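Coordinates in review
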Amino acid sequence: MKKILLFMFLLGLIGLLVYTFTNPVDMGALEGYTPSFYAEPIALLPPVIAIVLALITKEVYSSLLIGIISGALLYSNFNLELAINTMFFNEEGGMLYKISDTFNAGILVFLVLLGILVALMNKAGGSAAFGKWASKHIKTRIGAQIATIALGMLIFIDDYFNCLTVGSVMRPVTDTHKVSRAKLAYLIDATAAPVCIIAPISSWAAAVTSSVPEDAGLNGFQVFIKTIPYNFYAILTVIMMFYLVIRRLDYGPMRKHELNAYDGDLFTSGTDESREKMVEEQVSKKGKVVDLVLPVLFLIVICIFSMVYTGGFFSGVDFVTAFGDADASVALVFGGFITLLFTFFFYLLRDIITFEDFMKCVADGFKAMVAPILILTFAWTLSGMTNLLGAKYFVAGLVEGSAAGLQSMLPAVVFLVALGLAFATGTSWGTFGILIPIVLGVFPGGEMMVISIASCLAGAVCGDHCSPISDTTIMASAGAESNHINHVSTQLPYALTCAAVSCVTYIIAGFTKSPVISLPIGIVLMIVTLFIIEKIAGNEPVEEKA
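All figures in this text were calculated on a predicted structure; none of them were measured in a lab.

1. Some remarks on a nonpolar patch on the surface
Judged by side-chain polarity, Phe305, Tyr309, Phe313, Phe314, Phe319, Val330, Phe334, Phe337, Ile338, Leu341, Phe345 and Leu348 come together as a nonpolar surface patch covering roughly 1,100 Å² of accessible area. Of all the secondary-structure elements, those providing two or more residues to the nonpolar patch are helix H17 (290-310) and helix H19 (328-349). By residue number, the principal contributor to the nonpolar patch is H19, which donates seven residues. Structurally, Phe345 is set in helix H19.

In structure tokens, the structure reads:
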């Protein structure tokens, strides 16, 4: 079978080469070029290929790469020369341009800085000391998971920052109480975007504010505040987390991971790099809790400071406006680098590491982040290919074409469309950036406008949760040091359960036009749904106290 597939692949490659050489493309005359499949249903094929392959093969790198190649071939009308140029050098979607984009490059640098910082805290013994301290004060698995949720909700500034910080702090605690890495990744992911999208002071609030067109005559920040009680997916996700943890309920693939964790296997499947790292790593015996807590607190404070600084707070701009205008990428790099310097000198003064240890951590931290960097790069490029094919315009046309006769049902429709678009492209911000102007065109003002924008935001976050190519999902896997496909497959049933309840709630909201009525109904529906699932799936064993 493998030989047949390889033979077919070789024949296809030869066919592409023959087609390329017989149909040369003038690279200098591509201005205004439009592919044959632009804004057609087939424009969604590349992300669909990548997602399906990732879920089937459980191998994310090759799946993303095949999705990128298929997108480039569609864009180039199957001309191999143009496809290769598009993959790497296209200014709107090519891999090299995605990496060199200042925002994306800043995120990659921040990832490396966080990786070095985590390696440094581990080497200094801060993580181990915090784990020992937490094991004395957090006695149960439920307590460890509640503490993870609480920390995630407290770090609402930025989802990237949330994922990596919560992961590095809580891993020792959840490992001690035998919480699977897949469950930790879910708790991190569910307190990242869902919390940021209902937090007035966050990078997400700034993104939503900027997505409201200036010519709409609306205050973007005020619109965002009004959407919070209607953001059913985010609110119900938080409620769902607490229910799952307190009631010891897990279902779908997550149940297998959690039951294996009870027996000491935190990983279940996938690569065992983290497991080997836990066994082999030598740490300082002088480490104390302060060696982890102080750098993390310093990082939080300096990142907030950096955000308002880049937003012009120290030039006379008020705090809320400064946070809304902040450059999150620049601020996180500032915060990460300054924190790294602070931590280095703090550890030297405490005499718990040497300069040689620090330089080793620089290399170790970079190596630890190679996998998420590679996945992020591929995901950004795949998103670029999808945009080059005009997928967003195809989706926008669907919404505009069906909006006239829907009215009260529109919030539910917008939720589903946003979910699908975010799932296919892996980007929440891009999704609501596309759909919010369309919603404003249908409902220029009033309560239905607020509900529809909220449903757009909720659907974008939900699609982001479900997608293997979402940057936030990738970050959650990195923060928990969990196999990425394990995280996606275990989180998917939870996200879809919450999505189904949210969709029904948006139908109710479209008719009632009141959060006072629709939100309580949604909460009751969520609890009843989980109660039914609990009766079917059963509860996990009662743990023994540590």
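Having seen it, we continue.
2. Observations concerning H17
In this model H17 runs 29 Å from its N-terminal to its C-terminal C-alpha over 21 residues, within 8% of the 30 Å that 1.5 Å per residue would give. The first or second residue beyond H17 is Gly312, which carries a positive phi of 90 degrees.

3. Re the pattern of salt bridges
By the definition in use, this model includes 10 salt bridges. The residue Glu481 makes a salt bridge to Arg181 at a minimum N-O spacing of 3.8 Å. With Glu481 in the loop between helix H26 (471-480) and helix H27 (484-512) and Arg181 in helix H10 (residues 181-190), this pair connects stretches of sequence that are 300 residues apart. Across this residue pair, the class does not change: Glu481 and Arg181 are buried. A salt bridge links Lys183 to Asp250; the shortest N-O distance between them is 3.2 Å. Placement of the pair is Lys183 in helix H10 and Asp250 in the loop between helix H14 (232-246) and helix H15 (253-262), with a sequence separation of 67 residues. Comparing Lys183 with Asp250, the two get one shared label, buried.

Conventions we followed
Residues numbered from 1 in each chain as written. Predicted model: local features only at pLDDT ≥ 70, side-chain atom pairs only at ≥ 80, totals over all residues. Heavy atoms only, no water. Patch = residues over 30% accessible without salt bridge, like charges linked within 9 Å, V, L, I, M, F, W, Y side chains within 5 Å. Areas by Shrake-Rupley, 256 points an atom, 1.4 Å probe, with all protein chains shown as cover. Salt bridge = Lys/Arg side-chain N within 4 Å of Asp/Glu carboxyl O. Helix = DSSP H or I, 4+ residues; strand = E, 2+ residues; numbered from the N terminus. Expected span 1.5 Å × (residues − 1). Buried < 20%, exposed > 50% of the residue type's maximum accessible area, 1.4 Å probe, protein only.

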